[in-house]
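# Architecture and fold: a report
The primary structure of each chain is shown beneath.
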Amino acid sequence: MKYYLFIICLITTASFAQKTTLYTIGDSTMANKKDPDKNPEHGWAQVLQPFFKDNFVVENKAVNGRSTKSFINEKRWDSIYKKLKKGDYVFIEFGHNDEKIEDSTRYTNPHTSYRYNLIRFVKESREKGATPILLTSIARRNFNEKGVLVPTHGDYPLETRLVAQEYKVPFIDLEYYTELLEQSYGPEKSKQLHLHFKAGENQYYDKDKADDTHLSLKGATAIAQIVINQIKKLEDPSLEKLKKGIK
């Protein structure tokens, strides 16, 4: 009996050891939201786990309102860095809050602090044998009166692209692909991807809600699917295990 228990213990331990962790770091467009069964708002990384097999664990460490600066200063990155192990992956998507020029605790100059914070995430992930993946910020639903989707992120996506190119980091241009998503729905139907409700229409909102940045479950799931599709297309040997982990 003891022999069989020992074998079961070994199998269980081996199964646990084989799991790979995918860390996701970023802001509210990715973050887990409370009461997901009732709350209409979802982050796209919140719905990422079902796209992966059981040997991958998505640890969504994105947090509402964080920039690269505040994420680092609050020691959130340090807590992840300590746990990173060889073979893990790190999705990195910031920018929305780095733009907050009125807030000294969050704002970063895209060409200096933002850039070097991204480089830090990349270098320190690699120090631990983990693979970083850089993503540009998702597009906001920002159509003008002519139905043109107007960008809102300034030079932050550019710097993400440049860091990815310079440091040879796997890269997903999520701004571009979410622009295509918004445009495919058009100015009116794209509200479905976000949070648009009349007062009392949803129990979470007692006043009119018109949020063109954050995501509905529909929007979050669509963006998670985009990310998965792009991973499959990336030609980078470091992503082979990640690709095999997709259902």
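Look a little higher up for the structure.
Starting afresh in each chain, residues are numbered from 1 along the sequence in its written order. Two thresholds apply to this predicted model, a pLDDT of at least 70 for residue-level local features and 80 or more for giving and counting side-chain atom pairs, whereas whole-chain, interface and lining totals are computed over all residues. Side-chain metrics rest on all non-hydrogen atoms present in the structure, leaving aside hydrogens and water.

A few words on unusual backbone geometry. Of note, Asp35 is a non-glycine position whose phi angle comes to about 50°, a positive value. Numbering of helices and strands starts at the N terminus; helices are DSSP runs of H or I of at least 4 residues and strands are runs of E of at least 2. Mapped onto the fold, Asp35 is located in the loop between β1 (20–26) and β2 (41–42). One non-glycine residue, Lys75, lies in positive phi territory at about 65°. Relative to the helices and strands, Lys75 resides in the loop between α2 (68–73) and α3 (76–83).

Attention shifts here to the pattern of salt bridges. Between side chains of opposite charge, pairing is possible as soon as their charged atoms come close. Put simply, a salt bridge is a Lys or Arg side-chain nitrogen that is within 4 Å of an Asp or Glu carboxyl oxygen. Considering all chains together, one arrives at 17 salt bridges under this definition. Residues Arg106 and Asp103 are paired through a salt bridge, measuring 2.8 Å at the closest nitrogen-oxygen approach. Where Glu124 meets Arg120, a salt bridge forms, and the shortest distance between an N and an O atom there is 3.2 Å. Of this pair, Glu124 and Arg120 both sit in helix α4 (residues 110–127), four residues apart, roughly one helical turn. Among the ionic contacts, a cluster of salt bridges with common partners joins Lys75, Asp78, Arg120 and Glu124.

What follows deals with the side chain of Thr20. For Thr20, the position within the fold is in strand β1. Note on contacts: a residue pair qualifies if any of its non-hydrogen atoms lie within 4.5 Å across the two residues. Dropping the residues within four chain positions of it, Thr20 is found in contact with Asn55, Phe56, Val57, Gly87, Asp88, Tyr89 and Lys241.

Now for the packing of aromatic side chains. Two rings from Phe, Tyr or Trp (for Trp, the six-membered ring) form a pair when their centres sit within 6.5 Å of each other. Planes less than 30 degrees apart are called stacked, planes more than 60 degrees apart edge-to-face, and all others tilted. Applying the stated criterion across every chain yields a total of ten aromatic pairs. Put simply, the rings of Phe71, Trp77, Phe94 and Phe121 pair up and form one aromatic cluster. Note on criteria: charge over ring means Lys NZ or Arg CZ within 6 Å of the ring centre, with the direction from the centre no more than 35 degrees off the ring normal. Positioned above the aromatic ring of Tyr116 is the side chain of Arg115, whose terminal nitrogen or guanidinium carbon lies 5.8 Å from the ring centre. When the ring centre of Tyr81 is taken as origin, the NZ or CZ atom of Lys128, which lies over that ring, is 4.4 Å away.

The next thing to look at is the environment of Tyr177. With respect to the helices, strands and loops of the structure, Tyr177 is situated in helix α6 (residues 174–189). Note on Tyr177: relative accessible area 26%, which makes it partly exposed. For the pair formed by Tyr177 and Gln230, sequence separation is 53 residues and the distance between their alpha carbons is 9.4 Å. Setting aside chain neighbours within four positions, we find Tyr177 in contact with Ile226 and Gln230. Residue burial is assigned from relative accessible area. The probe radius is 1.4 Å, only protein chains are included, and a residue is buried under 20% of its type maximum, exposed over 50%, and partly exposed in between.

The strands that make up a sheet are held in pairs by hydrogen bonds between backbone atoms, and each pair lies either parallel or antiparallel. Here, strands pair whenever DSSP counts at least two bridges between them. Across the sheet, which stays open at both edges, the five strands sit in the order β3-β1-β4-β5-β6 with parallel pairing between neighbours. Across the chains shown, the open sheet's two edge strands, defined by having one partner strand only, are β3 (56–60) and β6 (171–172). As defined by bridge partners, strand β4 (residues 89–93) adjoins strand β5 (residues 131–135) across four bridges and the pair is classed as parallel. Counterpart to Ile92 in the pairing with β5 is Leu134. Contacts between helix α5 (residues 156–166) and the sheet are confined to β5 and β6, with β5 contributing the most and set at about 150° to the helix. Geometry is summarised by axes, namely lines fitted to C-alpha atoms with helices restricted to the contacting stretch, and by angles between N-to-C directions that run from 0 to 180 degrees.

Turning our attention to the pairing of β5. Within β5, five of the five residues are buried, which leaves it mostly tucked inside the rest of the structure. Here β5 shows two buried faces, one formed by Thr131, Ile133 and Leu135 and the other by Pro132 and Leu134. We call a crossover right-handed when, viewed with both strands directed away from the observer, the connection leading from the first strand over the helix to the second proceeds clockwise. As a crossover connection, the stretch from β4 through α4 into β5 is right-handed. Here β5 pairs with β6 via two bridges, running parallel. Along β6, the bridge assignment pairs Leu135 with Ile172.

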